[in-house]
Protein chains: 4
Amino acid sequence: MAEKLSFCVNIESPIAVYVQIENQVQFAIASGRLKPGDTLPSVREMSGMLNINPNTVTKAYRDLELLQLVHTRRGVGVTVADKAPKICKDTTVAMVKLHLIDAVAECMASGLNTNEVRKVVSETIDAKTAPYQPAKRK
Amino acid sequence: MAEKLSFCVNIESPIAVYVQIENQVQFAIASGRLKPGDTLPSVREMSGMLNINPNTVTKAYRDLELLQLVHTRRGVGVTVADKAPKICKDTTVAMVKLHLIDAVAECMASGLNTNEVRKVVSETIDAKTAPYQPAKRK
Amino acid sequence: MAEKLSFCVNIESPIAVYVQIENQVQFAIASGRLKPGDTLPSVREMSGMLNINPNTVTKAYRDLELLQLVHTRRGVGVTVADKAPKICKDTTVAMVKLHLIDAVAECMASGLNTNEVRKVVSETIDAKTAPYQPAKRK
Amino acid sequence: MAEKLSFCVNIESPIAVYVQIENQVQFAIASGRLKPGDTLPSVREMSGMLNINPNTVTKAYRDLELLQLVHTRRGVGVTVADKAPKICKDTTVAMVKLHLIDAVAECMASGLNTNEVRKVVSETIDAKTAPYQPAKRK
DNA sequence: GTGGTCTAGACCACT
DNA sequence: GTGGTCTAGACCACG
């Protein structure tokens, strides 16, 4: 059973709240913070924690179920599926790499200096040991 | 007059088509491929080239006008503003840096190895001398 | 473009309305009544036709999108994906066969006469050339 | 006293577990495997056998009592009612026929070949002499 | 005109 | 106590 799980959403973000939740769960599974059999916070618990509507959480959990990352059982709760880690590693890693490639390509296309790109990368790597913070992308 | 300008959009992308156009114009200005006085493709030309609705192009050009990056004059077309390069460098660089930071943070959150992150960055830097390709971000 | 598409739901059924919609779309694709590129009725149109809440239709369409059976584009509509027929045939046929096997097994388990089973099957085959009517299963 | 009664439930099924139990008891009565006066497994025994919550078994037995198919007596257990076979045959046969009709209709709606339908039916009839296995219906 | 997102709240089903 | 479904209605984004 997972002990400490912190989730957060940025309600200002153009990224839909339910997508932010889905991503954080996927990242938690991919990084091993959530393991097969672990129970996610209940819909009511999560919605209270994030101060959002329960339906929004429900939507996220349903999507995760369709992706076969979790199992939902009425009266029981939502648990991480056995094959979730594999699926997550297969897809999540590919996705974040793509994002990284896109971001670097953007930097190059906008004329940024190569050294500056590397410097930003290094600084971010050093800073990020903390849990995932949802992006504020435009 | 700009000689060769290639634009492309990914209609499947969750990023709005008109935003993709705006970004590409901004990048072109920031990197010097578009200079003050250059004329953008006409709405009709651009929409035909990209096979999209003319309204979408119009919306992008309107936004660029609001950002004071271009001037629209009836019977003449849409031309790059004198102060556009300065504005673009100020804002575009900040934006792409943010994207880069987000992307690296994502990689860390999903448990990617630090060395792997640096490797992807290096490879992308080496590969990207070509014009900007719109992201396929999820 | 699909000309005539009749959909219907049974609001009394224990099967969720949005699932009934999903099934009917899948069946329509599997049987060729809906082809790649065809546009589904708009959310508002469908909800009016079936006299249900638009959100219910939205839910069904989102699921179909996650199953990669349709493409949704804001301002455009929902269209059948190119690979939808293949996916549908692969999964839908397997599903309905399973249902049939289950139903026959049920009949046997409840002591029904073999001849009677065949008779019911034949009668239903003869009767069913009409469009799919959602089940009233208990 | 019934000698050998095998029950099984599919916890993944969208059909409620207690409904699966009810159906199996009904089928057992309809087919004569359970006769008036026979004792059902105790709640504790059944819940242990199926590895489910005792409350779920209790609910199933309570429903069967409401249907007048069984009698529950403290200190004695749950026994099949005298009139159970008649009731079961009247209702169960109607129900399974309906399911069969639905399943065949589904096959037709999804474009399945008529001959294939008959083939699946025949194969299932030949195969099914074994006790009822709960459906995995979607 | 499309669909997307979120809220609020009701009622149901299951354990 | 869990989650599931549906409704009603608001506001936004896109073409």
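Calculation notes
Residues numbered from 1 in each chain as written. Chains lettered and ligands numbered in written order. Predicted model: local features only at pLDDT ≥ 70, side-chain atom pairs only at ≥ 80, totals over all residues. Heavy atoms only, no water. Helix = DSSP H or I, 4+ residues; strand = E, 2+ residues; numbered from the N terminus. Buried < 20%, exposed > 50% of the residue type's maximum accessible area, 1.4 Å probe, protein only. Contact = heavy atoms within 4.5 Å. Areas by Shrake-Rupley, 256 points an atom, 1.4 Å probe, with all protein chains shown as cover. Near = heavy atom within 4 Å. Polar contact = N/O pair within 3.5 Å; in protein donor to acceptor, adjacent residues only side chain to side chain. Nonpolar A, V, L, I, M, F, W, Y, C, P; charged D, E, K, R; others polar. Pairing = 2+ DSSP bridges. Salt bridge = Lys/Arg side-chain N within 4 Å of Asp/Glu carboxyl O. Least-squares fit on C-alpha atoms with pLDDT ≥ 70 in both. Buried area = accessible area lost by both parts, 1.4 Å probe. Phe/Tyr/Trp six-rings, centres within 6.5 Å; stacked < 30°, edge-to-face > 60°. Lys NZ or Arg CZ within 6 Å of the ring centre and 35° of its normal. Axes fitted to C-alpha atoms, helices over the stretch in contact; angles between N-to-C directions. Parallel < 35°, antiparallel > 145°, perpendicular 65-115°, else oblique. Left-handed = near helix turned anticlockwise from the far one by under 90°.

*Asks:* Please explain the overall build of chain A as it appears in this structure.
*Replies:* Within chain A one finds five helices and two strands. Listing every helix and strand of chain A by position from the N terminus yields α-α-α-β-β-α-α. Classification of the 138 residues of chain A by burial places 46% in the buried group. At a minimum sequence separation of 6, the contacts of chain A that also span at least 24 residues come to 58%. By element, 52% of the accessible surface of chain A is carried by carbon and sulfur atoms, the whole surface being about 7000 Å².

*Asks:* Explain the protein's contact with DNA strand F to me, please; I cannot follow it from the model alone.
*Replies:* Neighbouring residues of DNA strand F: 24 residues in total, closest T72 of chain A, Y18 of chain B together with V17, N55 and T56 of chain C. Counting only the atoms of DNA strand F within 4 Å of the protein, the fraction contributed by sugar and phosphate is 69%. Taking V43 of chain A, its main chain carries an N or O atom lying 3.0 Å from a phosphate oxygen of DNA strand F. The contact in question runs from a base nitrogen of DNA strand F to an N or O atom on the side chain of N55 of chain C, over 2.6 Å. Broken down by secondary-structure element, the contributors of at least two residues to the surface near DNA strand F are α2 (43-50) and α3 (54-66) of chain A, α1 (17-30) of chain B together with α1 (17-30) and α3 (54-66) of chain C. It is α3 of chain A that contributes the most residues to the surface near DNA strand F, three residues altogether. For the surface near DNA strand F, the residue count by class is eight nonpolar, twelve polar and four charged.

*Asks:* So what exactly am I meant to see when it comes to the pairing of strand β1 (residues 70-73) of chain C here?
*Replies:* A regular strand places its side chains so that they alternate between the two faces of the sheet. Residue and element names in this part refer to chain C. Bridge count between β1 and strand β2 (residues 77-80): four bridges; the pairing is antiparallel. By the bridge assignment, T72 is partnered in β2 with V78. Hairpin connection from β1 to β2: three residues lie between these consecutive antiparallel strands, with G75 at a positive phi of about 80°.

*Asks:* Whenever I open this one, the pattern of salt bridges confuses me. Can you help?
*Replies:* Two side chains that carry opposite charge are able to pair once their charged atoms sit near each other. Evaluated as defined, the whole model comprises ten salt bridges over all chains. Two residues, K86 of chain C and D90 of chain C, come together in a salt bridge whose shortest N-O distance is 2.8 Å. Of this pair, K86 of chain C and D90 of chain C both sit in helix α4 (residues 84-109), four residues apart, which is roughly one turn of that helix. Its relative accessible area of 48% is what places D90 of chain C among the partly exposed residues. Ionic pairing is found between K97 of chain D and E116 of chain C, a salt bridge with its closest N-O pair at 3.0 Å. One end of the pair, K97 of chain D, is in helix α4 (residues 84-109); the other, E116 of chain C, is in helix α5 (residues 114-127), on a second chain.

*Asks:* Can you help me understand the relation of the copies chain A and chain C in this one?
*Replies:* Each of the two chain copies can be brought onto the other by rotation about an axis and movement along it. For the pair chain A and chain C, the relating rotation is 179°, the translation along its axis is 0.0 Å, and the fit reaches an RMSD of 0.1 Å. Such values leave the two copies arranged in the relation of a two-fold axis. Among all C-alpha atoms of chain A, that of L66 of chain A lies closest to the rotation axis, at 3.7 Å. Both copies present the same face, since 100% of the interface residues in chain A are matched by interface residues at the equivalent positions in chain C.

*Asks:* What exactly am I supposed to notice about the interface of chain A and chain C here?
*Replies:* Residue-level contacts link five residues of chain A with five residues of chain C. Of the roughly 470 Å² buried where chain A meets chain C, counting both sides, 48% is carbon and sulfur surface. The largest contributions to the chain A side of the interface with chain C come from R62, D63 and L66 of chain A, which together make up 77% of the buried area. For the pair chain A and chain C, the number of links is two salt bridges. Across the pair R62 of chain A and D63 of chain C runs a salt bridge, and its minimum N-O distance is 2.9 Å. Take the side of chain A that touches chain C: its biggest share by element is four residues, from α3 of chain A.

*Asks:* Can you help me understand the protein's contact with DNA strand E in this one?
*Replies:* Lining the immediate environment of DNA strand E, one finds 23 residues, of which V17, N55 and T56 of chain A together with A16 and Y18 of chain D sit closest. Counting only atoms of DNA strand E within 4 Å of the protein, the fraction found in sugar and phosphate groups is 69%. Here Y18 of chain A contributes a side-chain N or O atom positioned 2.9 Å from a phosphate oxygen of DNA strand E. The set of elements that each furnish at least two residues to the surface near DNA strand E consists of α1 (17-30) and α3 of chain A, α2 (43-50) and α3 of chain C together with α1 (17-30) of chain D. Class assignment for the residues of the surface near DNA strand E results in seven nonpolar, twelve polar and four charged.

*Asks:* So what exactly am I meant to see when it comes to the relation of the copies chain D and chain C here?
*Replies:* By a simple turn and slide, chain D fits onto chain C: the slide is 0.1 Å along the axis, the RMSD is 0.5 Å, and the turn is 177°. Both copies share a contact surface, since 100% of the interface residues of chain D are interface residues in chain C too.

*Asks:* How do you make sense of the interface of chain D and chain C when you look at a structure like this?
*Replies:* Much of the literature gives interface size as the accessible area that the parts lose upon coming together. On the chain C side, the residues contacting the 37 residues of chain D number 39 residues. Buried area between chain D and chain C, summed over both chains or domains, comes out near 4100 Å², and the portion from carbon and sulfur atoms is 70%. Remark: the boundary between chain D and chain C carries two salt bridges. Summed over the shared surface of chain D and chain C, the result is seven residue pairs in polar contact (both at pLDDT 80 or more). Elements with a contribution of two residues or more to the side of chain D that touches chain C: α1, α4 and α5 (114-127) of chain D. The element that contributes the greatest number of residues to the side of chain D that touches chain C is α4 of chain D, accounting for 15 residues. Taken together, the residues of the side of chain D that touches chain C sort by class into 19 nonpolar, eight polar and ten charged.

*Asks:* How should I be thinking about the side chain of T124 of chain B in this particular structure?
*Replies:* Mapped onto the secondary structure, T124 of chain B falls in helix α5 (residues 114-127). Taking the relative accessible area as the measure of exposure, T124 of chain B reaches 6% and is therefore buried. Residue contacts for T124 of chain B: discarding those within four places in its chain leaves I101, V104 and A105 of chain A.

*Asks:* Explain the packing of aromatic side chains to me, please; I cannot follow it from the model alone.
*Replies:* For any pair of aromatic rings, the description consists of the separation of the ring centres together with the inter-plane angle of the planes. The full count for this structure, using the stated rule, is zero aromatic pairs over all chains. Lying across the ring of Y18 of chain B, K59 of chain B places its NZ or CZ 4.5 Å from the centre.

*Asks:* Where do I start with the packing of α1 of chain B against helix α3 (residues 54-66) of chain B in this structure?
*Replies:* The relative placement of two packed helices comes down to the angle between their axes together with the axis-to-axis distance. Residue and element names in this part refer to chain B. Contact geometry for α1 and α3: axes closest at 8 Å, N-to-C directions at 45°. Here α3 runs oblique to α1, going by the angle between their axes. Handedness of the α1/α3 crossing: right-handed. Contacts from V17, Y18, I21, E22, V25 and Q26 in α1 reach T56, V57, K59, A60, D63 and L64 in α3. The residue inventory of the contact of α1 with α3, partitioned by class, reads seven nonpolar, two polar and three charged.

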